[in-house]
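Residue-level listing of the chains:
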Amino acid sequence: MTQNPFDALGGGFDMNALLQQAQQMQQQLEEAQANLAKQTVDGTVAGGAVTVTVNGVGELVDLAIRTGEFDGNDADDLSDLSDLVVAAYRDARA
């Protein structure tokens, strides 16, 4: 049996056209992902004490901590600072 099973669909089935369309869609997806990676958004908490910048694919690209807000010698302050960094990152992702 050498009959093309796609003949029943009414006309031929152009596999080359389908592959070309798939390649175009793949290229468009790659371009969209590249554009997304270039976009950035900021997340800020505690009235601007901690600000993070995240790119469109979720990578942390910058962290700013306002001077004078935290005591680097105080364990509680450092613990609070780490919590605020996480919170700012979540704010940016949202």
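As a starting point, this report considers the structure included with it. (Residues numbered from 1 in each chain as written. Predicted model: local features only at pLDDT ≥ 70, side-chain atom pairs only at ≥ 80, totals over all residues. Heavy atoms only, no water.)

What follows deals with the pairing of strand S2 (residues 50-55). Counting buried residues in S2 gives 5 out of 6 residues, a clear majority hidden from the surface. Judged from the 6 bridges that link them, strand S1 (residues 40-45) and S2 form a sheet pairing that is antiparallel. If you follow Thr-40 over to S2, its bridge partner there is Asn-55. Once S1 ends, the chain turns through 4 residues before running back antiparallel as S2, passing Ala-46 with a positive phi of about 55°. Inspection of the sheet shows S2 paired to strand S3 (residues 60-65) by 5 bridges, in the antiparallel sense. The partner of Val-50 across the bridge, within S3, is Ile-65. If you look at the hairpin formed by S2 and S3, you'll find 4 residues sitting between the two strands, and Gly-58 has a positive phi there, around 90°. (Buried < 20%, exposed > 50% of the residue type's maximum accessible area, 1.4 Å probe, protein only. Helix = DSSP H or I, 4+ residues; strand = E, 2+ residues; numbered from the N terminus. Pairing = 2+ DSSP bridges.)

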